Amino acid sequence: MRNIVVLTGAGISRESGLHTFRDGDGVWSRHDIAEVCTPAAFRRDPLLVNGFYNDRRAEVMRAAPNAAHHALARLERAARDGQWAGDILVVTQNIDDLHERAGSRDVVHMHGEVRRVRCISCGATPGWDDDCLPHTPCPRCGAASLRPDIVWFGEMPLHMERIQAALAACDLFVTIGTSGTVYPAAGFVAQVCAHADTLDINLRPPAEPGLFDRSMVGPASRTVPCWVAEVLAG
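Residues numbered from 1 in each chain as written. Predicted model: local features only at pLDDT ≥ 70, side-chain atom pairs only at ≥ 80, totals over all residues. Heavy atoms only, no water.

A word on the overall build of the protein chain. Within the protein chain, the regular secondary structure consists of 9 helices and 8 strands. For 234 residues, the compact-globule estimate of 2.2 N^0.38 gives 17 Å, and the protein chain sits close to it at 18 Å. Its C-alpha atoms put the protein chain at 55 × 40 × 30 Å along the principal axes. Considering the protein chain as a whole, with its 234 residues, one finds that 49% of them fall into the buried category. Total accessible area computed for the protein chain in this model is approximately 10,900 Å², and 53% of it derives from carbon and sulfur atoms. On the protein chain, the mean spot of the 23 positive side-chain charges and the mean spot of the 28 negative ones are 3 Å from each other. (Helix = DSSP H or I, 4+ residues; strand = E, 2+ residues; numbered from the N terminus. Rg over C-alpha atoms; globule rule 2.2 N^0.38 Å. Buried < 20%, exposed > 50% of the residue type's maximum accessible area, 1.4 Å probe, protein only. Areas by Shrake-Rupley, 256 points an atom, 1.4 Å probe, with all protein chains shown as cover. Lys, Arg positive; Asp, Glu negative; His and termini not counted. Charge placed at Lys NZ, Arg CZ, Asp CG, Glu CD.)

In structure tokens, the structure reads:
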């Protein structure tokens, strides 16, 4: 069995019309991180922070999965149906749900999900498609203590124990559309290079090509389906 861990970043969703955060025209070029993406910012101005994520949520809901999302879902489905003797886990840095809407069932969101909120009082994380405001009550406990279910700067990424176990057991590690600058995700390839093959799929060659055995350069909507076809062909 060939175990594959795929790490996806903002580049895979950009082709669906979602703005990246770090590119020159990205979200952070128009917003101050300290004002909208830290626990301190939420304590200081929850209306502003909620408004920022209400906008991100609406943007995600207008978007649709592209061919790269569908290709990864096809690979998972082939493994599930026994058409491919392997296993795949998609770990995403993205807060959108485009992988799930393409058909992927097992996606690890290490930075949270914009279509969820989290109750500070009871810990509930319900799905959420409407605007959320400081006075919005939690559907479980009724407290007005909801926040975006997002990992902010200064907070620990989610599901790290599961991610580390998958990295330790993988035979192939693939990065798709990620800048390779945000830790801890940027350090995953160094963790696995001693025991797994590594592949980078991006618009540009990797900044540290020595960490990857192979790279595929081009839009994710074109390169990812080609790679998936290779895997399914054996």
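All right, on to the packing of helix α5 (residues 67-80) against helix α9 (residues 220-232) then. As a packed pair, α5 and α9 sit with axes 7 Å apart at the nearest point and diverge in direction by 15 degrees. Of the possible angle classes, the one that applies to α5 and α9 is roughly parallel. Judged by the sense of rotation from one axis to the other, the crossing of α5 with α9 is left-handed. Counted together, A67, A68, A71, L72, R74, L75 and A78 of α5 and A220, S221, V224, P225, W227, V228, V231 and L232 of α9 form the full contact between these two elements. A breakdown of the residues in the contact of α5 with α9 according to their chemical character gives 13 nonpolar, 1 polar and 1 charged. (Axes fitted to C-alpha atoms, helices over the stretch in contact; angles between N-to-C directions. Parallel < 35°, antiparallel > 145°, perpendicular 65-115°, else oblique. Left-handed = near helix turned anticlockwise from the far one by under 90°. Contact = heavy atoms within 4.5 Å. Nonpolar A, V, L, I, M, F, W, Y, C, P; charged D, E, K, R; others polar.)

The element strand β5 (residues 146-150) is extensively covered by neighbouring structure, given that 5 of its 5 residues are classed as buried. With 4 bridges joining them, strand β4 (residues 112-119) and β5 adopt antiparallel strand pairing. Following the sheet pairing, V117 is matched in β5 by P148. (Pairing = 2+ DSSP bridges.)

With parallel pairing, the 6 strands of this open sheet are ordered in space as β3-β2-β1-β6-β7-β8. For this open sheet the edge positions go to β3 (107-109) and β8 (214-217), each flanked by a neighbour on one side alone. Adjacent strand axes in the sheet meet at a mean angle of 20 degrees, parallel and antiparallel pairs treated alike. Contacts between α9 and the sheet are confined to β1 (2-8), β6 (172-176), β7 (197-202) and β8, with β8 contributing the most and set at about 135 degrees to the helix.

Right, let's get into the layout of surface pockets. Approximately 170 Å³ is the volume attributed to the second largest pocket. R2, I4, W84, L172, D197, T198, L199, D213, R214, W227, E230 and V231 are the residues that line the second largest pocket. Across the lining of the second largest pocket, the residue classes break down as 6 nonpolar, 1 polar and 5 charged. (1 Å grid on protein atoms, 1.4 Å probe; cavity = no way out; pocket = protein on both sides within 12 Å on 5 of 7 lines; lining within 4 Å. Points joined across faces, edges and corners; volume = space filled by probe spheres on them.)

Attention now goes to helix α7 (residues 160-169). Of all the positions in α7, only M160, I163, A166 and L167 are classed as buried. The buried residues of α7 occupy one face: seen down the axis, they fall within an arc of 125 degrees. Turned more than 90 degrees from where α7 packs its buried face, E161 and A168 sit exposed. In this structure, the buried side of α7 is in contact with β1, β2 (86-92), β3, β6 and α8 (188-192). (Arc of directions from axis to C-beta.)

A few words on the nonpolar core. Of all hydrophobic cores here, the largest spans 24 residues; its most connected members are V6, V174, I176, V224 and W227. At the level of secondary structure, the elements contributing two or more residues to this core comprise β1, α5, β2, β6, β7 and α9. The contact partners of V174, leaving out residues within four places of it in the chain, are I4, V5, V6, L7, L199, I201 and W227. Membership of the second largest hydrophobic core comes to 18 residues, among which are M110, M160, A166 and V192. (Core = buried A, V, L, I, M, F, W, Y, C linked by side-chain atoms within 4.5 Å.)

Taking the numbering used here, the UniProt-annotated feature "binding site: NAD(+)" (unreviewed entry) corresponds to Q93, N94, I95, D96, G177, T178, S179 and A220. You can see G177 is positioned in the loop between β6 and α8. Exposure remark for G177: the relative accessible area of 12% places this residue in the buried category. Setting aside residues no more than four positions away along its own chain, G177 makes contact with G9, A10, G11, I12, I201 and N202. One polar contact links S179 to T181, side chain to side chain, over a distance of 2.8 Å. (UniProt positions renumbered as here; feature names shortened; annotations may be inferred. Polar contact = N/O pair within 3.5 Å; in protein donor to acceptor, adjacent residues only side chain to side chain.)

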